[in-house]
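Examination of the molecular architecture
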Amino acid sequence: MARALLDYALMTDLYQLTMAQGYWRVGKLDEEACFVMYFRENPFKGGYAVACGMDQLAEMVETYGFDDEDLAYLEGLDSPLGGRLFDPEFLAYLHDMEFTCDIEAVHEGTVVFPNEPLVRVVGPILQCQLIETPLLNAVNFETLIATKAARVVAAAGSPVAEFGLRRAQGPGGLWASRAAVVGGCANTSNVLAGKLYDIPVSGTHSHSWVMSFESELEAFRAYAREFPGNCVLLIDTYDIRQGLENAITVGLEMKERGERLLGVRIDSGDLAWQAKFCRERLDEAGLEQTGIVLSNDLDEYTVKSIRDQGSRVSSWGIGTKLATAFDQPTLGGVYKLSAVKHPGSGVWENREKVTASVTKLTFPGVLDIRRYFQPDGHLAGDMVFDVNGSINEQERIIDPFDDLRQKTLSGLGYEMLLHPLARAGKVVLEPEFRSAKAAAERTKAGIAQLHESQKRILNPHPYPVGLEANLARERRALAQRFGDVRS
């Protein structure tokens, strides 16, 4: 596994630490809590999301702790009205604290949907609270990028290379590259991501290579001599038509030497028209095996448009709009307290946040997910249930925000979606579930199980996710108890 790149203990919001000191001071050290992480709407107005970021969670668990430098920094923080913000005895507690939480999570590459838990954390409430921010940072961002990649790959129909590092938000480009591969990209231009996460890397040359020579033809010949097994020529530095003819000249020379020009890349202009023109000309020249590579601020919509116009594209380079999730900057996932267990009680007490906005009502209980399957293998629906409650006989699910939307799932096979990631603060996730390449296969298989209507780029049919009927009643009862919610 990759070594930790971050100090996860301090990669947090300050209020997590002030709450932790509060829990410590009021005697809640032995109080257990359950938190669940979920998102409320599918990203990009799509029909699904692709879970990602769990390998980073495992890395956090493996490395979590406060060292002397961390505590020296915290010791120096002042309260706004004077005095030190943190009690030295609390900081000493953090120094000696051993992380002991249990974490359950869906496997990376699992197709997931709104309002179902992607991660469940159970343990001392202080510790559960401390890891909220790094957990959300990992899963929110990487799930967003993996989902964008899956949409682009579905639209492309041929291999997609991710090369958005130069436009990514700082070091987040590392996780963007990994998440893109989880979502289905064939490779990345990001060499450090390739090393850290064992994912394929790719790349050839840019316009500056061509411009550094006296002529484009000389630049192409030099590159072909240097990299005969990795030769894709960028043909739009000056004039695409002339660039194509120069590439054909070099391609034919390579053919005579028993080599092959892998492709020509176009990075500007009317990509659909130029791809068709280049394909015709390459075929005329006897270079049928030389592919067309397109790039230039592409996303799933432009890729689909280019393909719909009849262009035959062998591969795509997607950068800015993938690595930055250009059209939706955040997944909006949340991490909410759903149950507590007082010392000596042994019984979980469900908790629910109740607000004036019905969409922000949370879900009570120690939650898990059953995923049901149609007899033909397609997904039938997901049930969110409380592991400490009973399942109704019909295995009926109820939409959490529309009681009229219900579905009975009895008689269908199912699997559980949450799996152990950590036990008593130790990572138990097996290597196959931390591999980006294995997760990519899981993504491919999961999307194949969706109905075609649920995979549409525009206006997809919603996938049924609901609360188990007894849990839905418990949720309404708690809402009436804690808030001003009418029947």
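Everything that follows concerns the structure shown earlier in this document.
The structure contained in this document is the topic of the report that follows. These numbers come from a predicted model, not from an experiment. (Residues numbered from 1 in each chain as written. Predicted model: local features only at pLDDT ≥ 70, side-chain atom pairs only at ≥ 80, totals over all residues. Heavy atoms only, no water.)

Looking now at the pattern of salt bridges. In the structure shown here, the tally under the stated rule is 31 salt bridges. For Arg281, the salt bridge goes to Glu284, with nearest N and O atoms at 3.8 Å. One end of the pair is Arg281 and the other is Glu284, both in helix H12 (residues 271–284) and three residues apart, which spans about a single turn. Note on Arg281: relative accessible area 24%, which makes it partly exposed. The salt bridge partner of Arg371 is Asp382, with a shortest N-O separation of 2.7 Å. (Salt bridge = Lys/Arg side-chain N within 4 Å of Asp/Glu carboxyl O. Helix = DSSP H or I, 4+ residues; strand = E, 2+ residues; numbered from the N terminus. Buried < 20%, exposed > 50% of the residue type's maximum accessible area, 1.4 Å probe, protein only.)

Two numbers describe a pair of packed helices, the interaxial angle and the distance between the axes. With their axes 7 Å apart at the nearest point, helix H7 (residues 172–182) and helix H15 (residues 436–448) run at an angle of 45° to one another. Taken together, the axes of H7 and H15 are oblique relative to one another. Residue-level contacts link Arg178, Val181 and Val182 of H7 to Ala436, Ala439, Ala440 and Thr443 of H15. Partitioned by chemical class, the residues of the contact of H7 with H15 number five nonpolar, one polar and one charged. (Axes fitted to C-alpha atoms, helices over the stretch in contact; angles between N-to-C directions. Parallel < 35°, antiparallel > 145°, perpendicular 65-115°, else oblique. Contact = heavy atoms within 4.5 Å. Nonpolar A, V, L, I, M, F, W, Y, C, P; charged D, E, K, R; others polar.)

Once that is clear, we can look at the sheet that holds strand E3 (residues 102–105). Read from one edge to the other, the open sheet built from seven strands follows the order E13-E12-E1-E5-E3-E19-E20, with strand pairing classed as antiparallel. The strands lining the two open edges of the sheet, one partner per strand, are strand E13 (349–350) and strand E20 (426–427). Across two bridges, the pairing between strand E19 (residues 419–423) and E20 is antiparallel. Counterpart to Arg423 in the pairing with E20 is Lys426. (Pairing = 2+ DSSP bridges.)

Moving on: the packing of aromatic side chains. Evaluated as defined, the whole model comprises 13 aromatic pairs. Between Trp209 and Phe213 the ring centres are 4.9 Å apart and the planes differ by 55°, which places this aromatic pair in the tilted class. Taken together, the aromatic side chains of Trp209, Phe213, Tyr223 and Phe227 make up a single cluster linked through ring pairs. For Arg241, the ring lying beneath its charged end belongs to Phe277, and the centroid distance is 4.4 Å. One cation-aromatic arrangement involves Lys321 over Phe326; the distance from NZ or CZ to the ring centre is 5.3 Å. (Phe/Tyr/Trp six-rings, centres within 6.5 Å; stacked < 30°, edge-to-face > 60°. Lys NZ or Arg CZ within 6 Å of the ring centre and 35° of its normal.)

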